[in-house]
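Fold and geometry: a report
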Amino acid sequence: MKYQIFGEKKVSNLPWQDRPEGCMDVVWRYKNNPIINRDIIACSNSVFNSAAVSFGDGFAGVFRVDNKARNMELHAGFSKDGIHWDIDENRIEFETDIEEMKEFIYGYDPRVTFIEDRYYLTWCNGYNSQPTIGIAWTYDFRTFHQLENAFLPFNRNGVLFPRKINGNFAMLSRPSDNGHTPFGDIFYSESPDMTFWGKHRLVMEAEKGWQSTKIGAGPVPIETSEGWLLFYHGVLTSCNGFVYSFSAALLDRDEPWKPVYRAKDYLISPQMQYECVGDVPNVTFPCASIVDAETGRIAIYYGCADTCTGLCFTTTDDVIDFLKSNSSL
Ligand code: BMA
């Protein structure tokens, strides 16, 4: 490997397929996509923007399930190979002593981050029916302990860093509105205790082309010698509505609110039928990546057309080289 990876472990059973012959893309799709169909459990209308991590000798995850009543809920699941999933029929019932957090209204777009000794779940949490960032932790993906919301509404795409920065927990998020927000930049915040968040900093604003309307952090950033590798989604407003693509940036290791490289081009945009056709057409929305520290291979989980879940692959070296030769900064 050309570039070093920090804080990640060896994942010898990482889902993987080599880049297809003749393919010139930096990120390529799993050939049997989608890996999770919309009807994988009885109650599901759709299963998409979801988080997966390496867990024990297999994988665990938290899945966005929009149910047949069309409420947005979070379900836990397990997998031996990261491709075939057993998803709980029942939604996660959070445990909490905080009276204000006891009512579950809706939850969507989960991210899971392992920090120190446990897995933290962040998601877009309905509070007073308005979106903000919920936080919970778990050891086993069976019992989840909910903490305070990180921010006031309206906020989405809360993604924790996998280690403390300057002695504090750190999170990316995207302040927004109560609708299909027509704007949005990525911000950085710190907290000494996972309760009180401050030191808010702008990281990146919406720019041009595929990322001209709004942007939002995707999977948990991966620490490398060249900076924090962040996959993020970007939205273009076409005459037929929003188009969600994704690409990558590298953020400074000590001051992650400072981008070092930022892709001019997208890595994946909706082009396959399962990405272009569904409940919301033209959406590719990554919420998780698993990296194998030994090879630098990365498996990215992404929601497709707000309907099903896909998988795609790359390596840290490939993405970093792409960023260095393709940066708008
Ligand atoms: C965003 C989020 C995502 C969704 C996307 C496209 O605002 O709600 O969950 O995938 O819109 O509908």
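As shown above, the structure is provided for reference.
Residues numbered from 1 in each chain as written. Predicted model: local features only at pLDDT ≥ 70, side-chain atom pairs only at ≥ 80, totals over all residues. Heavy atoms only, no water.

1. A look at the site of the ligand
Our working definition: The rule for a residue being near a molecule or strand is that one of its heavy atoms must lie within 4 Å of it. Pairing of N or O atoms within 3.5 Å defines a polar contact, subject to two protein rules: one partner must be a possible hydrogen donor and the other a possible acceptor, and residues neighboring in sequence count only if both atoms are side-chain atoms. Areas reported as accessible are Shrake-Rupley estimates using a 1.4 Å probe. Residue values count occlusion only from the protein chains shown. Throughout, the ten residues Ala, Val, Leu, Ile, Met, Phe, Trp, Tyr, Cys and Pro are labelled nonpolar, Asp, Glu, Lys and Arg are labelled charged, and all others, Gly among them, are labelled polar.
Lining the immediate environment of the ligand, one finds Asn49, Arg64, Tyr108, Asp109, Tyr244, Val280, Val283, Phe285 and Asp306. Within the side chain of Arg64, a nitrogen or oxygen atom sits 2.6 Å from an oxygen atom of the ligand. Within the side chain of Tyr244, one N or O atom sits 3.0 Å away from an oxygen atom of the ligand. Surface burial for the ligand is 86%, taken as the share of its 300 Å² of free accessible area covered by protein chains. Tallied by class, the residues present in the shell around the ligand amount to five nonpolar, one polar and three charged.

2. Looking at the nonpolar core
The criterion, for reference: Here the nonpolar core consists of buried residues drawn from Ala, Val, Leu, Ile, Met, Phe, Trp, Tyr and Cys, with membership extended through side-chain atoms lying within 4.5 Å. Only protein chains enter the area calculation, which uses a 1.4 Å probe; residues under 20% of their type maximum are buried, those over 50% are exposed, and those in between are partly exposed. Labels follow the DSSP assignment, with helices taken as runs of H or I lasting at least four residues and strands as runs of E lasting at least two, numbered in each case from the N terminus. Only heavy atoms matter for contacts: two residues are in contact if any of them lie within 4.5 Å across the pair.
By size, the foremost hydrophobic cluster in this structure holds 37 residues, and its most contacted members are Trp85 and Phe94. For this core, the secondary structure elements donating two or more residues are β4 (51-55), β5 (58-67), β6 (72-79), β9 (118-127), β21 (284-291), β22 (297-304) and β23 (308-315). Of all the elements, β5 adds the most residues to this core, at five residues. Ignoring anything within four residues of it in the chain, the contact list for Phe94 reads Leu74, Phe104, Leu121, Trp123, Ala136, Phe144 and Gln146. Counting 25 residues, the second-largest nonpolar core is a separate cluster that includes Ile5, Leu229, Cys312 and Ile320.

3. With respect to the pattern of salt bridges
When the charged atoms of two side chains with opposite charge come close together, those side chains can pair. Put simply, the rule reads: A pair is scored as a salt bridge if a Lys or Arg side-chain nitrogen falls within 4 Å of a carboxyl oxygen belonging to Asp or Glu.
The tally for this structure, following the rule as stated, stands at 20 salt bridges. Of the charged contacts, one joins Lys102 and Glu99 as a salt bridge, the two residues approaching to 3.3 Å between their closest N and O atoms. When its relative accessible area of 61% is taken as the criterion, Glu99 is described as exposed. For Arg253, the salt bridge identified is with Glu223, shortest N-O distance 3.0 Å. On the criterion of sequence distance, the pair formed by Arg253 in the loop between β19 (241-251) and β20 (259-262) and Glu223 in strand β17 (residues 222-224) is long-range, its members being 30 residues apart. Since its relative accessible area comes to 27%, Arg253 is described here as partly exposed. The class for Glu223 is buried, based on a relative accessible area of 6%. Through salt bridges with shared partners, one network takes in Arg38, Arg70 and Asp279.

4. Structural notes on the sheet that holds β9
Threshold: One bridge is not enough; two strands pair if DSSP finds at least two bridges between them.
Within the open sheet, the four strands sit side by side as β8-β9-β10-β11. Their pairing is antiparallel. With partners counted over all chains shown, the strands left at the sheet margins are β8 (107-115) and β11 (145-146), one partner each.

5. Things to note about the sheet that holds β21
Worth spelling out the cut-off: Fitted lines through C-alpha atoms give the axes, limited to the stretch in contact for helices. The angle between two N-to-C directions lies from 0 to 180 degrees.
Strand order in the open sheet formed by four strands is β2-β23-β22-β21, and the pairing between neighbours is antiparallel. Two strands lie at the open edges of the sheet, namely β2 (28-29) and β21, each paired on one side alone. Here β2 runs beside β23; their pairing, made up of two bridges, is antiparallel. Residue pairing in the sheet places Arg29 in a bridge with Cys312 of β23. Along the sheet, helix α2 (residues 316-325) makes contact with β2, β21, β22 and β23, crossing β23 at roughly 80 degrees.

6. With respect to the packing of aromatic side chains
To keep it simple, the criterion reads: Stacked, edge-to-face and tilted are the three classes for Phe, Tyr and Trp ring pairs, Trp counted by its six-membered ring, which pair at centre distances within 6.5 Å; planes under 30 degrees apart are stacked, over 60 edge-to-face, the rest tilted.
Overall, the coordinates contain 24 aromatic pairs when judged by the stated rule. Pairing Phe94 with Phe144 gives two aromatic rings, centres 6.1 Å apart and planes at 80 degrees, and the pair type is edge-to-face. Of this pair, Phe94 sits in the loop between β7 (86-87) and β8 while Phe144 sits in the loop between β10 (130-138) and β11, and the two are 50 residues apart along the sequence. Of the two residues, Phe94 and Phe144, both sit in the buried class.

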